[in-house]
Amino acid sequence: SFFDWLGEIFGHDHLDHLQGSFSSDLLETQEEWEKVKTRIKHSDTMQNKKNIQLASFLLSYGGNQAQCVAQYNEANADHAIQLRGTRLGVPVSKLLKFFVEQLSHISQHMEQLMNEIPDIKYIFLVGGFSECDLMKPYLMSSLRLTEDSPCTIVRPMRPGLAVIHGAVLFGLNPRVITHRIARCAYGIESMIPYVPGQFPPDCRKVVGDDGQSYVEGFFSRFVSMNEEIPNDHRVIRTYIPFRKDLTTVKITLFTANDNAIQLVKDCRRMASINVEVPQVHLEPNQKPVRVIMSFGSTNMSVVAENALTNDRQNVHVEYHM
C-alpha cells in the first residue's frame, strides 16, 4: 500500500519503470519504510512529520517531482507532505492510516485464534512490525485486554531479533522447544459399532462376524487439533482385526483440520503401513494390533505391531506443528 501511495504522487507508470529497472534502489526505500515503524511514538501529534529517505532514482528520473508533490498537497491538504532533497516528510496522521490497516488484520487474526484456542495465557509480539510502539496498545484495546486480564501481551526488548534468536537456538538444539500446539488432529482409519443418529446417514456400514453393524472409515483420533504436545509424547491404542480370516491389517494415518470430523473421507491421508496377523486359527480378540504414535521435534513416528508376536512396521512422517 505504501508503494501504491507513492505511485499516486509520482505516477504509477514512473514507479513501474523504476521497479523493473532499479529494483535495488526501491528496495532501499522499502527498508527505509520499515524503519518508520520504529520511529512512530504515542507522543507524536497528528501533524508531526516523519522523514522517509527515498531512492535517488525515484526523484531523478521522469518529470518535475516537486510539482507532483504540490499537486498531491492541493488534493490532500489534511495530509500535506514535504519534499526536501531525497527526504519525504509524511505527517503522522497519514502514516497511521497505513499502520492501522495492518494492525486491524493482525487483530482480527488474533481474535480468531483466541476463539479457537481457549485459555491463552500469553501473546508474544515478535518480528519487525512488533517494534512499532503502536502495536501492543492497539491489540490490548481491540482484544479488550487489561493489565489484570488472564492473557498477557509480551513484547521482548528487541522483537525484531527475537525470531532470528529463536531460529538459531532451535537449529543448535531442537529440544529447546519443549511443547508444541497441534495444528491439526492426527489419527488412523478404524471401525466402530454403528449407533443410529450418531453418524451421518450416508456413512458406510458393514456387518461383522458377531452380527453387529460397524461404521467403516471412522477417524480414530490420537491427538486433537490445538492440543498441547510435549516432546516425546506417545499415544498407544490397541485394535483387533475386523474378521477372523484377515491375515493383514492395514493402518492408514490421517489428519483432520476440525476436531468434530468423524470420518476419514473428510480427512487428509498421510501414510499407510501393513501389519501381518497370520494366525487364522485365533479369534480376532486373540491377535490384537498395537498402534504407537510418537511425536518428536520435527517428525512423527507411527509403529504398528502384532501384539502377539511383537512383529512391527513403522513409518516416519514430517509434520507442521
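Residues numbered from 1 in each chain as written. Predicted model: local features only at pLDDT ≥ 70, side-chain atom pairs only at ≥ 80, totals over all residues. Heavy atoms only, no water.

Peer 1: Help me understand the pattern of salt bridges, please; the structure alone is not making it clear to me.
Peer 2: Between side chains of opposite charge, a pair can form when the charged atoms approach closely. The tally for this structure, following the rule as stated, stands at eight salt bridges. A salt bridge links K244 to E283, with the nearest nitrogen and oxygen atoms 3.4 Å apart. In this pair, K244 sits in the loop between strand 11 (233-239) and strand 12 (248-256) while E283 sits in the loop between strand 13 (268-276) and strand 14 (289-295), placing the two residues 39 residues apart along the sequence. Judged by relative accessible area, K244 falls into the partly exposed class, the value being 31%. Between E305 and R290 there is a salt bridge, and its shortest N-O distance comes to 2.3 Å. (Salt bridge = Lys/Arg side-chain N within 4 Å of Asp/Glu carboxyl O. Helix = DSSP H or I, 4+ residues; strand = E, 2+ residues; numbered from the N terminus. Buried < 20%, exposed > 50% of the residue type's maximum accessible area, 1.4 Å probe, protein only.)

Peer 1: Is there a simple way to think about the nonpolar core in this case?
Peer 2: Counting 38 residues, the largest nonpolar core has W5, L6, W33, I52, I81, L95 and F99 as the members making the most contacts within it. Elements with a contribution of two residues or more to this core: helix 1 (2-10), helix 3 (23-39), helix 5 (65-75), strand 3 (87-91), helix 6 (92-116) and helix 7 (135-142). The biggest single contributor to this core is helix 6, with seven residues. Counting residues in hydrophobic clusters, the runner-up holds 24 residues, among them Y239, L253, I273 and M293. (Core = buried A, V, L, I, M, F, W, Y, C linked by side-chain atoms within 4.5 Å.)

Peer 1: Where do I start with the sheet that holds strand 3 in this structure?
Peer 2: Two strands in a sheet stick together by hydrogen bonds in their backbones, pointing the same way (parallel) or opposite ways (antiparallel). If you trace the three strands from one edge of the open sheet to the other, you get 1-3-2, paired in antiparallel fashion. The open sheet has two edge strands with one neighbour each: strand 1 (49-53) and strand 2 (82-84). Averaged over all pairs of adjacent strands, the angle between their axes in this sheet comes to 25 degrees, without regard to strand direction. Across five bridges, the pairing between strand 1 and strand 3 is antiparallel. When the sheet's bridge partners are listed, I52 is paired in strand 3 with L88. Along the sheet, helix 6 makes contact with strand 1 and strand 3, crossing strand 3 at roughly 80 degrees. (Pairing = 2+ DSSP bridges. Axes fitted to C-alpha atoms, helices over the stretch in contact; angles between N-to-C directions. Contact = heavy atoms within 4.5 Å.)

Peer 1: Where do I start with helix 1 in this structure?
Peer 2: Working note: α-helix, 3.6 residues per turn, so residues spaced by three or four point in the same direction. Of all the nine residues making up helix 1, seven are buried; the element is thus mostly covered by neighbouring parts of the structure. Among the residues of helix 1, those classed as buried are F2, F3, W5, L6, G7, I9 and F10. Positive backbone phi, at 105 degrees, marks G11, one or two positions downstream of helix 1.

Peer 1: Can you help me understand unusual backbone geometry in this one?
Peer 2: Positive phi, normally seen in glycine, also occurs at R144, with a value near 55 degrees. In the Ramachandran plot, D232 falls in the positive-phi region, its phi being about 65 degrees despite a non-glycine side chain.

Peer 1: How should I be thinking about the environment of G211 in this particular structure?
Peer 2: Locating G211 in the fold gives a position in the loop between strand 8 (205-207) and strand 9 (213-223). Taking the C-alpha atoms as reference points, G211 and V163, 48 residues apart in sequence, are found 58 Å from one another.

Peer 1: Looking at this model, I keep getting lost on the sheet that holds strand 7 (residues 185-193). Mind explaining?
Peer 2: The strand order 8-9-7-12-13 describes an open sheet built from five strands, whose pairing is antiparallel. Only two strands of the sheet have a single neighbouring strand rather than two, namely strand 8 and strand 13. For this sheet the average axis-to-axis angle between neighbouring strands, irrespective of direction, equals 40 degrees. As defined by bridge partners, strand 12 adjoins strand 13 across eight bridges and the pair is classed as antiparallel. Residue pairing across strands places T252 opposite S272, the latter belonging to strand 13.

Peer 1: Teacher, can you tell me more about the packing of aromatic side chains here?
Peer 2: Aromatic ring pairs: the centre-centre distance and the angle between the two ring planes describe each pair. In this structure the tally under the stated criterion is 10 aromatic pairs. Aromatic pair W33 and F99: ring centres 5.4 Å apart, planes at 25 degrees, arrangement stacked. You can see W33 sitting in helix 3 and its partner F99 sitting in helix 6, a full 66 residues away along the chain. We note that W33, like F99, is buried. A connected cluster of aromatic rings, assembled from ring pairs, spans W5, W33, Y72, F98, F99 and F129. (Phe/Tyr/Trp six-rings, centres within 6.5 Å; stacked < 30°, edge-to-face > 60°.)

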